[in-house]
Amino acid sequence: MDERDPLADREWRLIREEAWSGPMNMALDEIAAETAAEGGPRTVRVYRWDPSTLSLGYHQNPDTVDWAHCEREGIGVTRRPTGGGGIYHDTHGDISYTIVAPAAELPGDLVESYHRLCRPILDAFERMGVPARFAETERPAVYPPACYLRELHPAHDVVVEVDGQERKVSGNAQHRRTDAVVQHGSLTYAARPARHLSVFTDPAPDADAAFRERVTGIDDHADVDRDAAVTALESALAEWADATAGEWTDDELARARERASAKYADGEWTRRRPGGR
């Protein structure tokens, strides 16, 4: 990180990959934001979803979810504080990260903020040998309930060019609070179209073919196992932030468990309808 960057010379902690439920992952992001806003360490973290989880976008209609299928298959469902469509986070096929810092230390311009915080993500792909970059062309949506079948956005969608077509390998989103910014994102290690689409009701007839044409995974482009991909991401985040290995405090974990139960696992939040509070 450039020493002139407001994020430089700050206290950063790296929390290496942990496995949590969907509600707990979202609660930990929120607690990390409170910690940073209150003068505590900024956080970069890597995590997986256990069980595999569908995370809904903030404004997403719950009628787009095949709730019976998710319950039958043991797939968790939660709702993100960020927008966009639903993402199926496969326990093996998905690698997720979060970056949290005080709002005053980040650009007010959304695109500039995305590009700054995605630097370590692009660096991680380079370390893996995956030729990823920001999307350069916008593509129309095929099936809006699924994040990876929505329109591509050059500000925050990361792609790999395959046979002249951009295929999404990572999606990133920001929750901009008044006191802190949370950017979280998903890197596709292994694209699993059938599993991804099965969590939705009535996907478009061509959704499976479109997913295969529009989405790619790290394992399609690099001979790295999942553990090596996780290590590359952790190393890139740590070096970018000059972070030291850290962990959650007991207080943070207790508050996160309470927040997960009261909010992110609660039906009033997860099954809320667009425009609801």
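Look a little higher up for the structure.
Residues numbered from 1 in each chain as written. Predicted model: local features only at pLDDT ≥ 70, side-chain atom pairs only at ≥ 80, totals over all residues. Heavy atoms only, no water.

**Student:** Just checking my understanding: could you explain the overall build of the protein chain for this structure?
**Tutor:** If you tally the helices and strands in the protein chain, you get nine helices and eleven strands. Here the C-alpha atoms of the protein chain give a radius of gyration of 18 Å, agreeing with the 19 Å that 2.2 N^0.38 yields for 277 residues. A principal-axis box enclosing the C-alpha atoms of the protein chain has dimensions of 50 × 45 × 35 Å. A fraction of 76% describes how many contacts in the protein chain between residues 6 or more apart in sequence connect residues 24 or more apart. Element-wise, carbon and sulfur atoms account for 45% of the exposed surface of the protein chain, whose accessible area totals about 11900 Å². Averaged over its 33 positive side-chain charges, the protein chain has a centre that lies 4 Å from the centre of its 50 negative ones. (Helix = DSSP H or I, 4+ residues; strand = E, 2+ residues; numbered from the N terminus. Rg over C-alpha atoms; globule rule 2.2 N^0.38 Å. Contact = heavy atoms within 4.5 Å. Areas by Shrake-Rupley, 256 points an atom, 1.4 Å probe, with all protein chains shown as cover. Lys, Arg positive; Asp, Glu negative; His and termini not counted. Charge placed at Lys NZ, Arg CZ, Asp CG, Glu CD.)

**Student:** Help me understand the sheet that holds strand β1 (residues 12-20) in this model?
**Tutor:** What holds strands together in a sheet is hydrogen bonding between their backbones, with the strands either parallel or antiparallel. With respect to topology, eight strands assemble into an open sheet ordered β7-β8-β9-β10-β6-β2-β1-β11, the strand pairing being mixed. Of all strands in the sheet, those with a lone pairing partner are β7 (132-134) and β11 (244-245), marking the two edges. Bridge count for strand β6 (residues 94-102) against strand β10 (residues 180-188) is nine bridges, and the pairing is antiparallel. Across the sheet, Y97 pairs through a bridge with G185, a residue of β10. (Pairing = 2+ DSSP bridges.)

**Student:** What's the story with helix α3 (residues 110-117) in this structure? I'm lost.
**Tutor:** Owing to its 3.6 residues per turn, the α-helix aligns residues three or four sequence positions apart on the same side. Taken together, the buried positions of α3 are occupied by S113, Y114, R116 and L117. Along the long axis of α3, the arc covered by the buried residues comes to 165 degrees, so they all point the same way. Buried positions along α3 lie against β6, α4 (119-128), β7, β9 (165-176), β10 and α7 (226-241). Between a side-chain oxygen at the N-terminus of α3 and the backbone nitrogen of V111 the separation is 3.3 Å; the capping residue is D109. (Buried < 20%, exposed > 50% of the residue type's maximum accessible area, 1.4 Å probe, protein only. Arc of directions from axis to C-beta. Polar contact = N/O pair within 3.5 Å; in protein donor to acceptor, adjacent residues only side chain to side chain.)

**Student:** Would you mind showing me how to read the packing of α3 against α4 here?
**Tutor:** Two quantities define a packed helix pair, namely the angle between the axes and the distance from one axis to the other. For the pair α3 and α4, the least separation of the axes is 4 Å and the interaxial angle reads 40 degrees. Residues H115, R116 and L117 of α3 lie in contact with α4, whose contacting residues are R119, P120 and I121. In the contact of α3 with α4, the residues fall into three nonpolar, one polar and two charged. (Axes fitted to C-alpha atoms, helices over the stretch in contact; angles between N-to-C directions. Nonpolar A, V, L, I, M, F, W, Y, C, P; charged D, E, K, R; others polar.)

**Student:** I keep staring at the nonpolar core and nothing clicks. Help me out?
**Tutor:** Here is a general trend for soluble globular proteins: nonpolar side chains tend to be buried in one another's company. The biggest cluster of nonpolar side chains holds 40 residues, and the ones touching the most others in it are V44, F125, M128, L187, I218 and L233. Only β1, β2 (42-49), β6, α4, β7, β8 (157-162), β10 and α7 provide two or more residues apiece to this core. Looking at this core, the element that brings in the most residues is α7, giving nine residues. Once residues lying within four places of it in the same chain are set aside, the contact partners of F125 are V130, A132, V158, V169, S170, L187 and I218. (Core = buried A, V, L, I, M, F, W, Y, C linked by side-chain atoms within 4.5 Å.)

**Student:** I'm lost on the side chain of S170 in this one. Help?
**Tutor:** Within the secondary structure layout, S170 lies in strand β9. S170 gets classed as buried once you look at its relative accessible area, which sits at 0%. Ignoring sequence-local partners within four residues, the contact set of S170 consists of I121, F125, Y148, H156, D157, V158, S186 and L187.

**Student:** Just to check I follow, could you spell out the pairing of strand β3 (residues 53-56) for this structure?
**Tutor:** On a regular strand, one side chain projects to one face of the sheet and the next to the other, so that they alternate. Burial of the side chains of β3 extends over both faces: T53 and S55 are buried on one face and L54 and L56 on the other. Traced from β3 through helix α2 (residues 67-73) to strand β4 (residues 76-79), the parallel crossover comes out right-handed. Bridge count for β3 against strand β5 (residues 87-89) is three bridges, and the pairing is antiparallel. Residue pairing in the sheet places T53 in a bridge with H89 of β5. (Right-handed = clockwise from strand over helix to strand, strands pointing away.)

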